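Here is what each chain is made of, one letter per residue.
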Amino acid sequence: MKKKIFYLILVLFLVLNCCACTNKKNQLTNVNEFELTKATKVVEGYLNSYMANDYTSMNYMYSKGFKKKVENQNKPYLKIVGYKITDSTEMGLKANIKVNVVSTDTNSPYTSTDAYTFKIKKEKGNYTIDDISSSNEKEVFLYKRSLLVKIKDEPMSNVLVNLRGIPEYYFEKTDVANVNKVRVAKDSFNNLSLSYSADNVAVSTAGANPFVGVCGITDLQQSTGDGGQGQNQGQGNNVSENDIDPSKVAAKSITAIDVYAGSKVEAMVFSRDEKLLAVQIAKAGNSTINVYNIETGKVLSKEIEKTFPKDEVDLKIVRADEEDFLIESTPKAKYKNDNSVKKIVGRWEWNIKDYKIKKEKAK
C-alpha cells in the first residue's frame, strides 16, 4: 500500500514538473517571439521623426552597435515628403523592412525615390534599427528648360518633359463654368514630387500662374533597346542654347491637374495608392490645400475648405498615411487668441475614401 502511494506521488510530481516546464518554455517563447508589426512601427516612427527633423527620437531607435556608427546628424538638404513600406521579411529575431522614400529639394526642381532597407532586431525586448541601406530608384531634375529623369544606375539621363510640353492656357478648377482660360506661367519648373513607385511624377511651373500636372514615366532605354543612344540630352545634338529637343521624351503623357492664378505651389504629395494628389498653394498670404483625383482631375477637398477659413489659418501638408493625408493647421497672428479658431488648430486627418476630416488620432 505504501509503495502504491509512493508511486502515485512520484507520477503526480513528474506530471506537474512536465507541465511547469512546458509553461516555462511557452513563457520564454512568448518573451522571445518577434512581432513584425512592432518592427514595422519602429520604421514608421523613425521616418516620421526624420520628416519632423526630430533627430533625438531617431537616435533612440538605433541599436547599440549601430548607434556607434552614426555620426552627428545635421538637418538634411533634401526633405522627405512621403514613404511607403513595400516588403518585409522576418528571420528569427530580426527582420528586413523595405521602404520606398520620396524626397524633394525645397530650393530647386528636384525629386527622387530611393529604396531603403531597414534591418530591425529585437534586443532585451526592444525593437531597434541595426542597419540602414539605400539605393536610388529614380531622380527627376531640371536641366535648362527641361526636366530629365535618371533611372537607377543607367549611365545617361532621359528627357522627361520640356516647358514647351506644358499647356499654354488652362482653366482653373474654381472656374466651374470654364469661362476664363488662364495663361499658364512657364518661367521654369518649380516643385517636383515623384510617387512611391517612381512610375509618376507631379510637376509644377514657376511664375504668376503656376500649373500642376502629373507625368507617367517610361524607361526609354528599355523601350528603344538602343542603350539610351537615341535620347537627345542637349549634348551635341543640334539643339538650342535654352531648350532640349522634346521630340523623344520619357513622359508617357501629361495629365493636367490645375492652374493657380496669382499663386505659388509650395508642396505636392501623392496618396499611398497614388490615385490622389494633395497640392499646397500660397496665395495673397494664405496657404491652402487642394486634393485631386489624378485620373479625373476632380477636386475632392471641399470639406477642407469649409473647415479651415483661409483668412484665419494656414494649412501645411505633413505626409500621406495609409488611409489619410495628414495636414497641420496654424492660426494667423491676429487669431492666435481666438477661442473659435483654436478649435481648428493642430493636426488633422483627411480620409482618402470618404473625404471627411477629423482630428489626428492619438498614436
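S.K.: Explanation requested: helix H2 (residues 36-51) in the structure shown.
M.R.: For an α-helix the count is 3.6 residues per turn, leaving residues at separations of three or four pointing the same way. Along its 16 residues, H2 runs 23 Å from first to last C-alpha, staying within 8% of the 22 Å computed at 1.5 Å per residue. Those residues of H2 not exposed but buried are Ala39, Thr40, Val42, Val43, Tyr46, Leu47, Ser49 and Met51. Buried-residue contacts for H2 involve helix H3 (55-60), strand S1 (79-91), strand S2 (94-104), strand S3 (110-123), strand S4 (126-143) and strand S16 (313-320).

S.K.: Would you take a moment to explain the packing of aromatic side chains for this structure?
M.R.: The geometry of an aromatic ring pair is captured by two quantities: the separation of the ring centres and the angle between the planes. With the rule as written, the count across this model stands at 10 aromatic pairs. With a centroid separation of 5.8 Å and an interplanar angle of 55°, the aromatic rings of tyrosine 46 and tyrosine 62 are classed as tilted. On the criterion of sequence distance, the pair formed by tyrosine 46 in helix H2 and tyrosine 62 in the loop between H3 and helix H4 (64-69) is long-range, its members being 16 residues apart. Relative accessible area serves as the criterion here: at 4%, tyrosine 62 is assigned to the buried category.

S.K.: I tried to follow the nonpolar core on my own but got confused; where do I start?
M.R.: Side chains of nonpolar character tend, in soluble globular proteins, to be buried together. One finds Val140, Leu160, Leu277, Val279, Phe308, Phe325 and Trp350 to be the most contacted residues of the largest nonpolar core, which totals 59 residues. If we ignore the near neighbours within four places in the chain, the residues touching phenylalanine 308 are Val313, Leu315, Ile327, Ser329, Ile344, Trp348 and Ile357. Tyr46, Met58, Tyr62 and Val99 belong to the second-largest nonpolar core, a separate cluster that totals 23 residues.

S.K.: Where do I start with the environment of serine 112 in this structure?
M.R.: Its place among the elements puts serine 112 in strand S3. Taking the C-alpha atoms as reference points, serine 112 and leucine 78, 34 residues apart in sequence, are found 9.5 Å from one another. Reaching out from serine 112, the side chain makes a polar contact with the side chain of aspartate 114 at a distance of 3.2 Å.

S.K.: In this structure, what is going on with a positive patch on the surface? I would like to understand it.
M.R.: A cluster of basic residues, Lys64, Lys67, Lys68 and Lys124, forms a positive patch at the surface. Tracing the sequence through the fold places lysine 124 in the loop between S3 and S4.

S.K.: Before we go on, may I ask you to explain the sheet that holds strand S11 (residues 211-217) in this structure?
M.R.: Backbone hydrogen bonds hold the strands of a sheet together, and the pairing may be parallel or antiparallel. Judged by pairing direction, the sheet is antiparallel, and its 4 strands sit side by side in the order S9-S10-S11-S12 without closing on themselves. What marks the edges here is a single partner per strand, and that holds for strand S9 (188-194) and strand S12 (251-259). The average undirected angle you get between the axes of adjacent strands in this sheet is 25°. Both strand S10 (residues 200-206) and S11 contribute to a ladder of 5 bridges, which runs antiparallel. Bridge pairing links asparagine 200 to glycine 216 in S11.

S.K.: Mind showing me how you'd approach the side chain of serine 49 here?
M.R.: Relative to the assigned elements, serine 49 resides in helix H2. If sequence neighbours within four positions are ignored, serine 49 has contacts with Asp54, Ser57, Met58 and Met61.

S.K.: Could you clarify how one ought to interpret the side chain of aspartate 105 in this entry?
M.R.: By the element assignment, aspartate 105 lies in the loop between S2 and S3. Since its relative accessible area comes to 7%, aspartate 105 is described here as buried. Among the polar contacts made by the side chain of aspartate 105, one reaches the main-chain amide nitrogen of asparagine 107 at a distance of 2.8 Å. With sequence-adjacent residues up to four places away left out, aspartate 105 is seen in contact with Tyr77, Leu78 and Tyr110.

S.K.: Which parts of the structure should I look at to understand the sheet that holds strand S14 (residues 276-283)?
M.R.: Read from one edge to the other, the open sheet built from 3 strands follows the order S13-S14-S15, with strand pairing classed as antiparallel. On the outer flanks of this sheet lie strand S13 (264-270) and strand S15 (286-293), each paired with one strand and no other. Strand-to-strand twist in this sheet, taken as the mean axis angle between neighbours without regard to direction, amounts to 20°. Direction of pairing for S13 relative to S14: antiparallel, over a ladder of 6 bridges. Note on S14: the bridge partner recorded for lysine 264 is alanine 282.

S.K.: How should I be thinking about the pattern of salt bridges in this particular structure?
M.R.: For side chains of opposite charge, pairing can occur when their charged atoms come near one another. Following the criterion strictly, the structure yields 12 salt bridges and no others. Linking glutamate 123 and lysine 121 is a salt bridge whose minimum nitrogen-to-oxygen distance equals 3.5 Å. Look at lysine 121 and you get partly exposed, because its relative accessible area is 21%. Within this structure, Lys121, Glu123 and Asp130 form a network of salt bridges that share partners.

S.K.: Any chance you could explain unusual backbone geometry here in plain terms?
M.R.: Most of the time, phi is negative for any residue but glycine, and the peptide bond is trans. The phi dihedral of alanine 198 is positive, around 65°, even though this residue is not glycine. Relative to the helices and strands, alanine 198 resides in the loop between S9 and S10. In this structure alanine 198 comes out as buried when scored by relative accessible area, which is 2%. Of note, the phi angle at alanine 284 is positive, near 50°, even though the residue is not glycine. For alanine 284, the location among the structural elements is in the loop between S14 and S15. Exposure remark for alanine 284: the relative accessible area of 75% places this residue in the exposed category.

S.K.: Looking at this structure, how should I read the pairing of S15?
M.R.: Successive residues of a regular strand alternate their side chains across the two faces of the sheet. Buried residues dominate S15, accounting for 7 of its 8 residues. The sheet contact formed by S14 and S15 spans 8 bridges and is antiparallel. Within S15, the position partnered with leucine 276 by the bridge is asparagine 293. From the end of S14 to the start of S15, which pair antiparallel, there are 2 residues, and alanine 284 there has a positive phi angle of about 50°.

So, how was this worked out
- In every chain, residue numbers begin from 1 and rise along the written sequence.
- Totals for whole chains, interfaces and linings use all residues, but because this is a predicted model, local features are given only for residues with pLDDT of at least 70 and pairs of side-chain atoms are given and counted only at 80 or more.
- Here the side-chain values reflect all heavy atoms present in the structure, with hydrogen atoms and water set aside.
- Helical segments are the DSSP runs of H or I of at least four residues, strand segments are the runs of E of at least two, and each set is numbered from the N terminus.
- Expected span of a helix, by definition, is 1.5 Å for each gap between consecutive residues, and there is one gap fewer than residues.
- Partly exposed describes any residue whose relative accessible area lies between the buried limit of under 20% and the exposed limit of over 50%, with all areas from a 1.4 Å probe on protein chains only and scaled to the type maximum.
- Residues count as neighbours in contact if any of their non-hydrogen atoms are within 4.5 Å of one another.
- To pair, rings of Phe, Tyr and Trp, with the six-membered ring standing in for Trp, must have centres within 6.5 Å; the planes then decide the type, stacked if under 30 degrees apart, edge-to-face if over 60, and tilted in the middle.
- Buried Ala, Val, Leu, Ile, Met, Phe, Trp, Tyr and Cys residues form a nonpolar core when they are joined through side-chain atoms within 4.5 Å.
- Here a polar contact means two N or O atoms within 3.5 Å. Within protein one must be a hydrogen donor candidate and the other an acceptor candidate, and residues neighboring in sequence count only if both atoms are side-chain atoms.
- Residues enter a patch when their relative accessible area is above 30% and they make no salt bridge; the linking distance is 9 Å between like charges and 5 Å between nonpolar side chains (Val, Leu, Ile, Met, Phe, Trp, Tyr).
- With residues, only the protein chains shown are counted as cover, and all accessible areas are computed by Shrake-Rupley using a 1.4 Å probe.
- The term salt bridge refers to a pairing of a side-chain nitrogen on Lys or Arg with a carboxyl oxygen on Asp or Glu at a separation within 4 Å.
- For the charge count, each Lys or Arg is scored as positive and each Asp or Glu as negative, with His and the chain ends excluded.
- One atom stands in for each charge, and that atom is NZ of Lys, CZ of Arg, CG of Asp or CD of Glu.
- Two strands are said to pair when DSSP picks up at least two bridges between them.
- Here an angle of 0 to 180 degrees is reported between the N-to-C directions of two axes, which are lines fitted to C-alpha atoms, with helices fitted over the stretch in contact.

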